[in-house]
Amino acid sequence: MTAYQDIIEKIALEVKPLLQEGKVATYIPALSRISPEKFGMSVATVKGELFTIGDADEKFSIQSISKVFTLAMIMDRIGDALWERVGREASGNPFNSLIQLEYENGKPRNPFINAGALIVTDLMILENKDPLQDLLGFVRKCANNPEIGFDAEVALSEKMTGHRNAALASFLKSYGNLVNEVERVLDIYFHQCSLSMSCVDLSRAFLFLANGGTDPRSGKMICGPRQAKRINALMQTCGLYDECGEFAYRVGLPGKSGVGGGIVAVMPGELVLTVWSPGLNPSGNSLAGMKALELFTTYTARSIF
Ligand code: GLU
């Protein structure tokens, strides 16, 4: 049991020299103020154990990791109808690319690139009277933490500078693939991205995906086993921007990253691993975080492959 603790302690030391190598996201001004020295990691097992190192309890902006929560909610609500509006193939393109959307006539490749996530947000508005409150309720339930909230400063900061997302939403609208007004969709989207959670919150919140859709602590079903399998498959193929192949090769687990520097990885049947290190590589993934996860699956000799 203490083996995981020893391993993450060793990893934290090993990745320390890499913390300065990544670049903190600057296109969202509120994120640019975060110190690249931050590093946290947590492992939550389906048996109820928790192992942490560094800044694992400090809250950060989860950004695109929130796309897993909204996807889980919408898949549960509308099932396969989702796939009429968004695909489920790897994009092989940057997360905020406009080019592919034009080639493919306004149908985003998958729900984890920004264009696809905007479709999911559009559906959240159609399906929920109060989408943000419902999302918050869902995330708090998954993490078993009623304190989780949005970071209004981050949401506002992105609203002021999120011109590319505004372009994507308008583009979707021009193809008839956005039902609600662009402003409304963007407002909800920026808030969902601003969810503020720690590594420990995220490891706990994703445990249902390591346990066939059921929270192993409460025994409550969050989604059915089939949906859990599908969400893990989508994370594996689409969760790391245009580095899904690299992540599969080096880490070998389904995962989801965000430009706040967080990455969550799921080892089905066993555990959830979350790392936070704000310095990003050119694809927008945490540079030291990728290395930390790679070292974890190397030292434990575990992966889904
Ligand atoms: N809010 C960010 C954006 O839309 C999320 C990007 C990310 O974490 O991938 O640009």
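The numbering scheme is per chain: residues are counted from 1 as the chain's sequence reads. With pLDDT at 70 or above as the cut-off, local features in this predicted model cover only qualifying residues; side-chain atom pairs require 80 or more to be listed or tallied, and sums for whole chains, interfaces and linings still use all residues. Note that the side-chain values use all heavy atoms of the structure and ignore hydrogens as well as water.

### Observations concerning the overall build of the chain
Thinking step 1. Per the secondary structure count, the chain includes 14 helices and 8 strands.
Thinking step 2. Atoms counted for the radius of gyration: C-alpha only. Globule rule: 2.2 Å times the number of residues to the power 0.38. Relative to the globule expectation of 19 Å for 305 residues, the C-alpha radius of gyration of the chain, 18 Å, shows essentially globular dimensions.
Thinking step 3. Viewed in the frame of its principal axes, the chain has a C-alpha envelope of about 55 × 40 × 35 Å.
Thinking step 4. Surface exposure here means Shrake-Rupley accessible area, sampled with a 1.4 Å probe, where a residue is shielded only by the protein chains that are shown. Split by element, the accessible area of the chain, about 12,200 Å² in all, is 52% carbon and sulfur.
Thinking step 5. The positive charge centre, built from 30 side chains, and the negative charge centre, built from 33, are 4 Å apart in the chain. Helical segments are the DSSP runs of H or I of at least four residues, strand segments are the runs of E of at least two, and each set is numbered from the N terminus. Counted as positive: Lys and Arg. Counted as negative: Asp and Glu, with His and the chain ends omitted from the count. Every charge is mapped onto a representative atom, which is NZ of Lys, CZ of Arg, CG of Asp or CD of Glu.

### A short note on the site of the ligand
Thinking step 1. The immediate surroundings of the ligand are formed by Tyr27, Gln63, Ser64, Phe95, Asn114, Glu158, Asn165, Tyr189, Cys193, Tyr241, Gly258 and Val259.
Thinking step 2. Between an oxygen atom of the ligand and a side-chain N or O atom of Tyr27, the distance comes to 2.6 Å.
Thinking step 3. Within the backbone of Val259, an N or O atom sits 2.8 Å from an oxygen atom of the ligand.
Thinking step 4. Surface burial for the ligand is 99%, taken as the share of its 290 Å² of free accessible area covered by protein chains.
Thinking step 5. Class assignment for the residues of the shell around the ligand results in 6 nonpolar, 5 polar and 1 charged. To be near a molecule or strand, a residue needs just one of its heavy atoms within 4 Å of it. For this analysis, a polar contact is any N or O atom pair within 3.5 Å, provided that within protein one partner can donate a hydrogen and the other can accept it, and provided that sequence-adjacent residues contribute only side-chain to side-chain pairs. Under this grouping Gly is polar, as are all residues other than the nonpolar Ala, Val, Leu, Ile, Met, Phe, Trp, Tyr, Cys and Pro and the charged Asp, Glu, Lys and Arg.

### Considerations on the packing of aromatic side chains
Thinking step 1. Put simply, two rings from Phe, Tyr or Trp (the six-membered ring, in Trp's case) pair if the centres are within 6.5 Å, and we call them stacked under 30 degrees between planes, edge-to-face over 60, tilted for the rest. Scanning all chains against the criterion turns up 8 aromatic pairs.
Thinking step 2. Summarising the aromatic geometry, the rings of Tyr27 and Phe95 are spaced 6.5 Å apart at their centres and angled 45° between planes, so their arrangement reads as tilted. Residue Tyr27 is found in the loop between α1 (2–15) and α2 (29–32), and its partner Phe95 is found in the loop between α3 (66–78) and α4 (99–103); the two are separated by 68 residues along the sequence.
Thinking step 3. Only protein chains enter the area calculation, which uses a 1.4 Å probe; residues under 20% of their type maximum are buried, those over 50% are exposed, and those in between are partly exposed. For Tyr27, a relative accessible area of 37% puts it in the partly exposed group.
Thinking step 4. Seen in terms of ring centroids, Phe171 and Tyr175 are 5.5 Å apart; in terms of plane orientation they differ by 80°. Their pairing is edge-to-face.
Thinking step 5. The class for Tyr175 is partly exposed, based on a relative accessible area of 30%.

### Focus on the pattern of salt bridges
Thinking step 1. What makes a salt bridge here is a side-chain nitrogen of Lys or Arg within 4 Å of a carboxyl oxygen of Asp or Glu, nothing more. Under the definition given, this model contains 12 salt bridges.
Thinking step 2. Linking Asp215 and Arg217 is a salt bridge whose minimum nitrogen-to-oxygen distance equals 2.8 Å.
Thinking step 3. Overall, Asp215 belongs to the buried group, its relative accessible area being 4%.
Thinking step 4. Looking at Arg217, the relative accessible area reads 34%, which means it is partly exposed.
Thinking step 5. Ionic pairing is found between Glu270 and Arg302, a salt bridge with its closest N-O pair at 2.2 Å. Of this pair, Glu270 sits in the loop between β7 (262–267) and β8 (271–276) while Arg302 sits in the segment after α14 (287–300), and the two are 32 residues apart along the sequence.
Thinking step 6. By relative accessible area, Glu270 is classed as partly exposed at 23%.

### So, unusual backbone geometry
Thinking step 1. Positioned with a positive phi, Asn105 is a non-glycine residue whose angle comes to about 55°.
Thinking step 2. Turning to its location among the elements, Asn105 is positioned in the loop between α4 and α5 (114–127).
Thinking step 3. In this structure, Asn144 is a non-glycine residue whose phi angle is positive, near 55°.
Thinking step 4. One can find Asn144 in the loop between α6 (131–143) and β4 (149–150).

### A word on the sheet that holds β4
Thinking step 1. Between any two strands, pairing holds if DSSP finds at least two bridges. Read across the open sheet, the 3 strands follow the order β3-β5-β4; overall the sheet is antiparallel. Where the open sheet ends on each side, the last strands, each with one partner, are β3 (60–61) and β4.
Thinking step 2. Both β3 and strand β5 (residues 195–197) contribute to a ladder of 2 bridges, which runs antiparallel. In the strand pairing of β5, Phe60 is matched with Met197.
Thinking step 3. We call two residues in contact whenever any of their non-hydrogen atoms come within 4.5 Å of each other. Simply put, an axis is a line fit to the C-alpha atoms, just over the touching stretch for a helix, and the angle between two N-to-C directions goes from 0 to 180 degrees. The strands that helix α9 (residues 182–193) touches are β3, β4 and β5; relative to β5, the one it contacts most, it runs at about 10°.

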